[in-house]
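# Overview (structure and organization)
Here's the letter readout for the chains.
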There are 2 protein chains.
Amino acid sequence: MTDHLADDGATPRLRHAMFPVRDLDRSIDFYTRILGMSVLRQKLNRSNGRNTAYVGYGGEQESTVLELVSGTGKEGMSWGGHIAVAVPDLRSICARMEAEGFRFARPLNPTPAAAERLVAYAYDPDGIEIELTQIER
Amino acid sequence: MTDHLADDGATPRLRHAMFPVRDLDRSIDFYTRILGMSVLRQKLNRSNGRNTAYVGYGGEQESTVLELVSGTGKEGMSWGGHIAVAVPDLRSICARMEAEGFRFARPLNPTPAAAERLVAYAYDPDGIEIELTQIER
């Protein structure tokens, strides 16, 4: 019943979503500096030139993270979907992204109507669409 | 310091990954019956014909989930990536998927070498690639 691991290993879980990226350092910079994630793990594969970084808001055992892989040759493809990230400081993140030239599928609605929430749809450096919403404290 | 909510709302988090699907009921069946997720929420949008289901292994406030949306017209596109799910009964899940005619990008390696783990790369009903790994109890 008790185990030294927080996760007893028997519970199914969503581990990560993997995305091909063109420039791993550029993507790591975006997800850490702009979106506030941490680099959890990196792998360098010299045999096939694929470099991998796991980034997220929590540990890989406790939360779902992003797996970013360069060198796959499949960067920049769209699947018609998005990932959704909730942040406590959406206005400042969007202002920074605009200042740095990031593109938006739908810019921030700075004064949302009563039934709306504060939301922006941005693109990461490879064009991955990211729904950004505000968490109220 | 203490709050009645487990999540105090100030912590950024990865909320979901959204995928267009052709047949929402078919996708719900796959993610619940085959992969063991639960339907957390559904939305019907009569104005634009988009139906949405949130499925996952935990609640939307505590974990990252999948948002499945039908009626977007963008189903079946690939982004060169995958989602990764860890399950406690990988062999039986793969056997069931094979029996039901699901395709695999890479079938289960039933007797992995010492440095390998038990893993299969399958496709969901819309061709979304899913890395399936075994969690040992």
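Not measured: the values here are computed from a predicted model.

Let's shift gears to the environment of B:Glu60. Residue and element names in this part refer to chain B. Here Glu60 is to be found in the loop between strand E3 (50-56) and strand E4 (65-70). As a C-alpha pair, Glu60 and Ile34 span 26 residues in sequence and 20 Å in three-dimensional space. Other than its neighbours up to four places away in sequence, Glu60 contacts Arg13, Leu40, Arg41, Tyr54 and Val65. At 2.8 Å, the side chain of Glu60 and the side chain of Arg41 are in polar contact.

This part takes up helix H1 (residues 24-34) of chain B. Residues and elements named next belong to chain B. Regarding H1, the residues found buried are Leu24, Ser27, Ile28, Phe30, Tyr31 and Ile34. Sitting at the amino-terminal end of H1 is Asp23, which places a side-chain oxygen 3.1 Å from the backbone nitrogen of Asp25. Looking one or two residues past H1, Gly36 carries a phi angle of roughly 80 degrees, positive in sign.

Further remarks concern the interface of chain A and chain B. Of the residues lining the interface, 37 residues belong to chain A; the matching set on chain B comes to 37 residues. In total, about 3,100 Å² of surface goes out of reach between chain A and chain B, with carbon and sulfur atoms giving 61% of it. Of all residues in chain A, A:Leu14, A:Arg15 and A:Trp79 give up the largest surface area on contact with chain B, accounting jointly for 21% of the area buried on that side. Of the charged contacts in the structure, one is a salt bridge between A:Arg15 and B:Glu131, with a shortest N-O distance of 3.5 Å.

Criteria and thresholds
- Sequence order as written defines residue numbering, which begins from 1 separately in each chain.
- The lettering of chains begins at A and the numbering of ligands begins at 1, in the order of writing.
- pLDDT decides what is reported in this predicted model: residues at 70 or higher carry local features, side-chain atom pairs at 80 or more are listed and counted, and totals for whole chains, interfaces and linings draw on all residues regardless.
- Heavy atoms throughout the structure, all of them, feed into the side-chain values; hydrogens and water do not.
- In this description a helix means any DSSP run of H or I spanning at least four residues, a strand means any run of E spanning at least two, and both kinds are numbered starting from the N terminus.
- Note on contacts: a residue pair is in contact if any heavy atoms of the two residues lie within 4.5 Å.
- Here a polar contact is recorded for every N or O atom pair within 3.5 Å, except that within protein the pair must consist of a potential hydrogen donor and a potential acceptor, and residues adjacent in sequence are included only if both atoms are side-chain atoms.
- For the exposure calls, accessible area comes from a 1.4 Å probe over protein chains only, and a residue counts as buried if that area is under 20% of its type's maximum, exposed if over 50%, partly exposed in between.
- What gets called buried area is simply the loss in accessible area from a 1.4 Å probe that two parts show on being joined, summed for both.
- Salt bridges, as used here, are contacts in which a Lys or Arg side-chain nitrogen is within 4 Å of a carboxyl oxygen on Asp or Glu.

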